[in-house]
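What the coordinates show
Okay, here's what each chain looks like letter by letter:
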Amino acid sequence: MKLNKTEYDPKLNSYEVVIAGGAMIGTAIAWFLISNRDFNGKILVVEKDPTLEFSSTSRTNNSIRQQFSNRLNIEISKFSSNYILNFKSYMENDERIPEIMFKKIGYLYLADDIKKLNLLKQNQKLQNSLNIPTKIYDQNSLLEKFPYLNVKNLIGGSYNNYNEGYFDSNTIFNWWKKKAAEKGVEFIKNEVTEIALDSNKINAITLKDGSKLKIGSFVNATGTKASTFDKTHFLRIPVEPRKRYTFIFKTEAKINNSVPLIIDPTGIHFRSDGNYFLCGCAPEFDNTAAYDDFTIDYELWEEKIWPILANRIPDFERIKLVNAWAGHYAFNTFDQNGIIGPHPEFINFYFANGFSGHGLQQSPAVGRALSEKIIYKKYRTLNLKPLSPERLIEKKPFLEKAII
Ligand SMILES: Cc1cc2nc3c(=O)[nH]c(=O)nc-3n(C[C@H](O)[C@H](O)[C@H](O)COP(=O)(O)OP(=O)(O)OC[C@H]3O[C@@H](n4cnc5c(N)ncnc54)[C@H](O)[C@@H]3O)c2cc1C
């Protein structure tokens, strides 16, 4: 099929930076690069489906938390929440830019045994030391604060609503893309199919129609397809699609509309979503999903998820399911955290992959950090070295115990 010139074809045959993947992460990187005064060059973002229909970005739950167990993940979220709250000033005080909706309903982690509670206490200590005011609740104080909860099998929980909740990521994405395009970033509908490696760098990339482009740097922001460009035996990107369901429901019961994002000890999580509620969970067997499998398991909802919800909040006995979707995490099977930074051997090959369930909230920090690494060859603000691909070769996981 002959491709339509304007939509599919790059204008040039050489770019300073080519980014494969134009969803949240790829677009963040493009924006932070082009808006940096020290960057001088042309950027091309190649996205195979600009509707983003099957991307993680368009199936996300939009939540952000500070309650991580790893200092770096907390620092990343601190920057991201600040960025969301001050979006307009970060976007050059452009008068067209609105306030970003950020509902700070908080996250509530529940514990039904001492081991889980001790982990929450350990995390709380670290969070408090970084000025995140997470509090630990025992069974009684849980009930006092959240009277709609059934606390029978619980021994406690941790709660924080300082800069935790959910936000309007769509508006952020749209403005990154719009302003990046205004500053000259090219966004095309196409696919990067090949990279050509020299002794220590990528020389060129190939697009789906066979055209070749010279590049200064290449960024892999392809979500679940991250391993497409694995070329060496010593570095494999351990990312695969894993299904996650989202169920939206409503209830006639008089329960308030700021139920925090509750992480139940069973592993499912749920929260208010305006006048509705949102519940997220993994399939019964959490294996690699086929790239095109977005079917929804309604039996799981009926037989497992709803009973868990109704057990935790008795008002959820009477609910009506109003919407549901399946999405894919770009699941990092090694340690479920982002893989960020340059390839240890091919110096102009950058990764921004494997974000699993927390890439949306990390996108401002990742965009900023990777743009610094590309421009200055080092991190200037947050040092994301612990998330670099070297850890895969050294077999040293990035330890994050609070994975959702
Ligand atoms: C159900 C669900 C709920 C989630 N909830 C949250 C949450 O509450 N908070 C949070 O922080 N995160 C959440 N996440 C995770 C978050 O959505 C992702 O980490 C984030 O959106 C990843 O963005 P991305 O740009 O890396 O990947 P994607 O959004 O998957 O985008 C990758 C893009 O690359 C394109 N592409 C692939 N290969 C090529 C190629 N060769 N050439 C060109 N283009 C290519 C694809 O078409 C795709 O559009 C959730 C994810 C899911 C699935």
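This text goes with the structure placed above it.
All values derive from a computational prediction rather than experimental measurement.

The next thing to look at is the site of the ligand. Every one of the 36 residues lining the ligand counts as a neighbour, but Glu47, Thr57, Ser63, Val192 and Gln361 are closest to it. With respect to the ligand, the backbone of Ser56 contributes an N or O atom lying 3.0 Å from an oxygen atom. Within the residue set of the shell around the ligand, elements represented by two or more residues are α2 (24-34), β2 (43-47), β13 (239-251), β17 (319-332) and α9 (359-376). Taken together, the residues that form the shell around the ligand break down as 11 nonpolar, 19 polar and 6 charged. Residue assignment places the shell around the ligand across two domains, with domain 1 (5-60 + 169-238 + 334-394) and domain 2 (104-164 + 240-332) each supplying three or more.

Strand order in the open sheet made by the 3 strands is β3-β8-β4, with antiparallel pairing throughout. What marks the edges here is a single partner per strand, and that holds for β3 (63-64) and β4 (102-103). Sheet topology note: the β3/strand β8 (residues 165-167) ladder contains 2 bridges and is antiparallel. Along β8, the bridge assignment pairs Ile64 with Gly165.

Attention now goes to the packing of helix α3 (residues 71-85) against α9. Interhelical geometry of α3 versus α9 gives an angle of 95 degrees and a closest axis separation of 8 Å. By the angle class used here, α3 and α9 are roughly perpendicular. Listed contacts from α9 to Asn73, Ile76, Ser77, Phe79, Ser80 and Tyr83 of α3 are Gln361, Gln362, Pro364, Ala365 and Arg368. Looking at side-chain class alone, the contact of α3 with α9 contains 5 nonpolar, 5 polar and 1 charged residues.

Now for the nonpolar core. Counting 52 residues, the largest nonpolar core has Ile19, Ile43, Phe87, Trp176, Leu370 and Leu384 as the members making the most contacts within it. Within the residue set of this core, elements represented by two or more residues are β1 (14-20), α2, β2, α3, α7 (169-182), β19 (349-353) and α9. In terms of residue count, α2 provides more of this core than any other element does, 9 residues in total. Each residue touching Phe87, except ones within four places of it in the same chain, is listed here: Ile97, Pro98, Ile100, Ile172, Trp175 and Trp176. Judged by nonpolar contacts, the second largest core, of 31 residues, contains Phe146, Leu149, Ile268 and Leu300.

On to the sheet that holds strand β5 (residues 107-111). Read from one edge to the other, the open sheet built from 8 strands follows the order β6-β7-β5-β14-β15-β16-β13-β17, with strand pairing classed as mixed. Sheet topology places β6 (135-138) and β17 at the edges, where each strand pairs with a single neighbour. In this sheet, adjacent strand axes meet at a mean angle of 20 degrees when their direction is disregarded. Pairing between β5 and strand β14 (residues 261-263): 3 bridges, direction parallel. Each residue of the ladder has a partner; that of Leu108, found in β14, is Ile262.

The subject of this paragraph is the pairing of β2. Within β2, 5 of the 5 residues are buried, leaving the element largely enclosed by the surrounding structure. Burial of the side chains of β2 extends over both faces: Ile43, Val45 and Glu47 are buried on one face and Leu44 and Val46 on the other. Of the strand pairs in this sheet, β1 and β2 are connected by 4 bridges, and their pairing is parallel. Bridging from a neighbouring strand, Ile19 pairs with Val45 of β2. In this fold, the crossover linking β1 to β2 by way of α2 has right-handed handedness.

How each quantity is defined
Residues numbered from 1 in each chain as written. Predicted model: local features only at pLDDT ≥ 70, side-chain atom pairs only at ≥ 80, totals over all residues. Heavy atoms only, no water. Near = heavy atom within 4 Å. Polar contact = N/O pair within 3.5 Å; in protein donor to acceptor, adjacent residues only side chain to side chain. Helix = DSSP H or I, 4+ residues; strand = E, 2+ residues; numbered from the N terminus. Nonpolar A, V, L, I, M, F, W, Y, C, P; charged D, E, K, R; others polar. Domains from an automatic or database assignment. Pairing = 2+ DSSP bridges. Axes fitted to C-alpha atoms, helices over the stretch in contact; angles between N-to-C directions. Parallel < 35°, antiparallel > 145°, perpendicular 65-115°, else oblique. Contact = heavy atoms within 4.5 Å. Core = buried A, V, L, I, M, F, W, Y, C linked by side-chain atoms within 4.5 Å. Buried < 20%, exposed > 50% of the residue type's maximum accessible area, 1.4 Å probe, protein only. Right-handed = clockwise from strand over helix to strand, strands pointing away.

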